[in-house]
Amino acid sequence: MVKTYKCPGCGADMKYDAEAKKLSCEYCETSLTVDEAKALEETKQQEADDKDSEEVVDETNEADSYGEAGDFIKYKCATCGAELMTDEHTAATFCNYCGSPNLLSERIEGEKTPAMLIPFKITKEKAKEIYYTWCKKGALTPGEFFSQSTLEKMSAIYVPFWLYDYGANVKMRAHCTRVRSEVRGNYRYTHTSHYRVLRDVSAEYLKIPADASQKMPDDVMDKLEPFNYGEMTAFEMPYLSGYMAEKYNFTSEEMAKRVEARVAGYISQEGRSTINGYSTVAVTAKNVWLAKRRASYVMLPVWMLTYRYKGKEHIFAINGQTGKLVGKRPISAGKCLGWYFGMLGVFTLISSLVGVFVL
Ligand SMILES: [Zn+2]
Ligand SMILES: [Zn+2]
């Protein structure tokens, strides 16, 4: 089913406002809390159901999703009826014609419902400002990267993540030495003591995130951490209104391998960090044991911008909660040349000054 949250005041679409932490209407300034929006939607649904049971069910009633074209699935915009083309993992999007936010509720209902979500805190204005300031710092960044039209392309996406809790243990054996030397008479004596060091370290790791969407580049998503999970709230559909959202492509089992490699790295480091005070340390044996405690499905807020420049795709992402930016500044060939000649000028000036002093 395609869903939109309509303003009870004027009937326009309501969007979740990151600043006000409410759903608000751009036209009449009505605002609703997430709970109020949910309650209103349920009442409407109840009324519609009652009406359906009174009337004879309309046989010609078209389903919301009515066909597939290649990898895309067609829906009808809940506001204007235009065709929405989505791939099978889109959970929230916008209508190309009327701009109305459309939530594809069947993709986030039932067992596909995320347990929790971190609502967007960074507004579009703030995200644009963060990106612009960052681009400006790179003196060699081509101007197109932070032109107004590029900034407008920034989109707010709820990215599906699995959060894992793992128990971990490492048993480690190391050969360590302590070296001490002394001078007696004409001789220097070096004493080397050898130690067999054993360690058995356990730890619990909570909320290790792994992005579960194929479309999102893993390395970029990893670098967006940390998120503050203290601000995580129970998932409710109204939060998605006015944002894009993806549903997971990979199940928690499919993602577990990646997370286990990370946890194994953490516990090994933890074990190794307890071996101190030796001249040399050589780990000779290591045994890591991991136990998956649980995995929960959550949605995390990310601002994304992809920009094609000279045939190459550049991806920038901003943590929608903390404002942390991830990306690499491209270098403009033109600006680079300018910089080079600028530097050349400085060098020439310095060398001529040196010349003056020498004379
Ligand atoms: Zn309104
Ligand atoms: Zn529409």
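Residues numbered from 1 in each chain as written. Chains lettered and ligands numbered in written order. Predicted model: local features only at pLDDT ≥ 70, side-chain atom pairs only at ≥ 80, totals over all residues.

Thoughts on the nonpolar core
Here is the rule we go by: The nonpolar core is taken to be a set of buried Ala, Val, Leu, Ile, Met, Phe, Trp, Tyr and Cys residues joined by way of C-beta atoms within 7 Å. Between the buried cut of 20 or more and the exposed cut of 12 or fewer other C-beta atoms within 10 Å of a residue's own C-beta lies the partly exposed class, and all C-beta atoms are placed from the backbone. A helix here means a DSSP run of H or I that spans at least four residues, while a strand means a run of E at least two residues long, and both kinds are numbered starting from the N terminus. Note that domain bounds follow an automatic or database assignment of domains. For every residue pair, C-beta atoms are placed from the backbone, and the pair is scored as a contact if these atoms sit within 7 Å.
One finds V159, W162, L240 and Y243 to be the most contacted residues of the largest nonpolar core, which totals 70 residues. At 13 residues, the largest contribution of residues to this core is made by strand β11 (residues 155-184). Built from parts of two domains, this core gets at least three residues from each of domain 1 (2-107) and domain 2 (144-334). Beyond its immediate sequence surroundings of up to four residues, L240 is in contact with A91, A92, L103, Y158 and A245.

What about the sheet that holds strand β3 (residues 22-25)?
So the rule is basically this: Two strands make a pair as long as DSSP finds a minimum of two bridges between them.
If you trace the 3 strands from one edge of the open sheet to the other, you get β2-β3-β4, paired in antiparallel fashion. The two strands at the open ends of the sheet, each matched to only one other strand, are β2 (14-17) and β4 (31-32). Note that β2 and β3 share 4 bridges and pair antiparallel. Looking across to β3, one finds that D17 is bridged to K22.

A word on unusual backbone geometry
With an omega of 5 degrees, the peptide bond running from E225 to P226 counts as cis. Along the chain, P226 turns up in the loop between α4 (218-223) and β13 (233-234). Of note in the backbone geometry, K21 takes a positive phi value of approximately 55 degrees without being a glycine. Positive phi, normally seen in glycine, also occurs at E29, with a value near 65 degrees. Take E29: it is sitting in the loop between β3 and β4. The exposure class assigned to E29 is exposed, which follows from the 10 C-beta atoms found within 10 Å.

Section: the environment of Y307
Along the chain, Y307 turns up in strand β15 (residues 280-309). Taking the C-alpha atoms as reference, Y307 lies 8.8 Å from K153; in sequence the two are 154 residues apart.

Re helix α2 (residues 124-137)
This is how it is decided: Multiply 1.5 Å by the residue count of a helix minus one, and that product is the helix's expected span. The arc in question is formed by the directions pointing from the helix axis toward the C-beta atoms.
Across its 14 residues, α2 extends 20 Å between first and last C-alpha, which sits within 8% of the 20 Å expected from 1.5 Å per residue. What α2 keeps buried is the set A127, K128, Y131 and C135. Down the axis of α2, the sector holding all buried residues measures 100 degrees, keeping them to one side. For α2, the exposed residues set more than 90 degrees away from the buried face come down to E125, T133, K136 and K137.

Remember that the coordinates give geometry; whether it matters functionally is a separate question.
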